[in-house]
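Here are the chains, one letter per residue:
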Amino acid sequence: MTQKKHPTPPQILRIEVVAKSRLFTVESLELKFSNDEQRQYERIRGGGRGAVMIVPLTADNELLLVREYCAGTNDYQLGFPKGLIDPGETPEQAANRELKEEVGFGAEQLQPLKVVSMAPSYFNATMHILFAQQLYPQTLVGDEPEPLVVVKWPLTDWQSLLQQSDFTEARSVAALLLLTKHLESGAAND
């Protein structure tokens, strides 16, 4: 299926930093579109390193999730291990490091499922979602302020995970659905 695409993004006439924190920079953009319309947009510029989310599956066909504090909602959420890609790391290296830090396992096999964007209208961040198999025990010290609760979830019961009141993060939901589609296609056995 062919889709019509815009030939070029709008022209950026001016960029102004309107706020800055340790993690983010908020910019105001003055844009001129191809039809000469001018508008002001705001965006959050991240560090540009990207992030990873890992969907680990044990030899017993259990998903490994973590329950951790989320400041945005001021509660504890259940989701897949995740973290930023450190300078010089590949997404696979970052995924293996985060697995060791958050759930106490490394992975012999990591398969990319998809690179997703997060709120692209306002944010330039991307996340690499990877499927981890052939896990082996290994722990690294992470940067979490408190120990994470590791939750094992039977893969055969993945649909009930979607019903959990604390499994709401869109990236984790997408990762779960991407994994089930991946496994249904038989790609995991290639």
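See the structure printed just above.
Numbers given to residues run from 1 along each chain, matching the order in which its sequence is written. Per-residue local features of the predicted model are confined to residues with pLDDT of at least 70, and side-chain atom pairs are confined, for both listing and counting, to 80 or more; whole-chain, interface and lining totals are unaffected and use all residues. For the side-chain quantities, the full set of heavy atoms in the structure was used; hydrogens and water were omitted.

Time to look at the pattern of salt bridges. Any carboxyl oxygen of Asp or Glu within 4 Å of a side-chain nitrogen of Lys or Arg constitutes a salt bridge here. What the rule picks out here adds up to 14 salt bridges. The shortest N-O distance in the salt bridge between D166 and R67 comes to 2.8 Å. A residue pair is termed long-range when its members are at least 10 positions apart, and D166 in the loop between helix 2 (158-161) and helix 3 (170-184) and R67 in strand 5 (residues 62-70) qualify at 99 residues. Classification of D166 as buried rests on a relative accessible area of 14%. Under the DSSP-based scheme used, a helix requires at least four consecutive residues in state H or I and a strand at least two consecutive residues in state E, with every element numbered from the N terminus. Whether a residue is buried, partly exposed or exposed follows from its accessible area with a 1.4 Å probe, protein chains only, as a fraction of its type maximum: under 20%, in between, or over 50%, in that order.

A patch consists of residues whose relative accessible area exceeds 30% and which take part in no salt bridge; residues with like charges are grouped when within 9 Å of each other, and nonpolar side chains (Val, Leu, Ile, Met, Phe, Trp, Tyr) when within 5 Å. Only the protein chains shown count as covering a residue, and every accessible area follows the Shrake-Rupley method with a 1.4 Å probe. Where nonpolar side chains cluster on the molecular surface, the patch consists of L23, F24 and I44 and spans about 240 Å² of accessible area. Looking at where L23 falls in the secondary structure, it is placed in the loop between strand 1 (11-20) and strand 2 (25-32).

The subject of this paragraph is the sheet that holds strand 3 (residues 38-45). Two strands form a pair only when DSSP identifies at least two bridges running between them. Read across the sheet, 3 strands follow the order 1-2-3 without closing on themselves; strand pairing throughout is antiparallel. Taken across any chain shown, the strands that pair with only one partner, and hence form the sheet edges, are strand 1 and strand 3. Going across the sheet, the axis of each strand differs from the next one's by a mean of 25 degrees, ignoring polarity. Across 8 bridges, the pairing between strand 1 and strand 2 is antiparallel. Directly across from I12, in strand 2, lies its bridge partner L31. Helix axes are fitted to C-alpha atoms over the stretch in contact, other axes to C-alpha atoms as well, and angles between N-to-C directions run from 0 to 180 degrees.

To continue, consider the nonpolar core. Membership of the largest hydrophobic core comes to 24 residues, with the highest contact counts inside it found for L63, L65, F80 and L161. Among the elements of the structure, strand 4 (51-56), strand 5, strand 8 (105-117), strand 9 (126-137), strand 10 (149-154), helix 2 and helix 3 are those that each provide at least two residues to this core. By definition in these notes, contact holds between two residues if any of their heavy atoms fall within 4.5 Å. When residues no more than four places from it in sequence are discounted, the contact partners of L65 are L78, G79, F80, V149, V150, V151, W153, L161 and F167. Buried residues of nine kinds, namely Ala, Val, Leu, Ile, Met, Phe, Trp, Tyr and Cys, make up a nonpolar core once their side-chain atoms join them within 4.5 Å.

So, about the pairing of strand 3. Examined bridge by bridge, strand 2 and strand 3 share 8 bridges and lie antiparallel to one another. Note that in strand 3 the partner of V26 across the bridge is I44. The turn linking strand 2 back onto strand 3 is made up of 5 residues, and D36 within it adopts a positive phi angle of 70 degrees.

Let us look at helix 3. To estimate the expected span of a helix, count its residues, drop one, and scale the result by 1.5 Å. Helix length check: helix 3 (15 residues) gives 21 Å between terminal C-alpha atoms against 21 Å at 1.5 Å per residue, within 8%. Listing the buried residues of helix 3 in full gives S172, A175, L176, L179, T180 and H182. Down the axis of helix 3, the buried set is contained in an arc of 160 degrees. They therefore lie on one face. Exposed side chains of helix 3 directed beyond 90 degrees from the buried face belong to A170, K181 and E184. Each element contacted by the buried residues of helix 3 is listed here: strand 4, strand 5, strand 6 (75-79), strand 8, strand 9 and helix 2. Two residues or fewer past helix 3, G186 is found with a positive phi of approximately 80 degrees. To obtain the arc, one takes the directions from the helix axis to the C-beta atoms.

Attention shifts here to the sheet that holds strand 4. By definition, the strands of a sheet pair up through backbone hydrogen bonds, in either a parallel or an antiparallel sense. One open sheet accounts for 4 strands, arranged 7-4-9-8; its pairing is mixed. Two strands close off the open sheet at either side, each with one partner strand: strand 7 (82-84) and strand 8. With strand direction ignored, the average angle separating the axes of adjacent strands in the sheet is 25 degrees. Two elements, strand 4 and strand 7, share 3 bridges in a ladder whose sense is antiparallel. Pairing of V52 across the sheet is with G83, part of strand 7. Its contacts with the sheet place helix 1 (residues 91-102) against strand 4, strand 7, strand 8 and strand 9, and it is angled at close to 120 degrees to strand 8. Running over the sheet, helix 3 touches strand 4, strand 7, strand 8 and strand 9 and is turned about 60 degrees from strand 9.

Looking now at unusual backbone geometry. Of note, N74 is a non-glycine position whose phi angle comes to about 50 degrees, a positive value. Along the polypeptide, N74 turns up in the loop between strand 5 and strand 6. On the basis of relative accessible area, N74 is assigned to the exposed category, the value being 56%. One non-glycine residue, A119, lies in the positive phi region at around 50 degrees. Following the sequence through the fold, A119 ends up in the loop between strand 8 and strand 9. Since its relative accessible area comes to 48%, A119 is described here as partly exposed.

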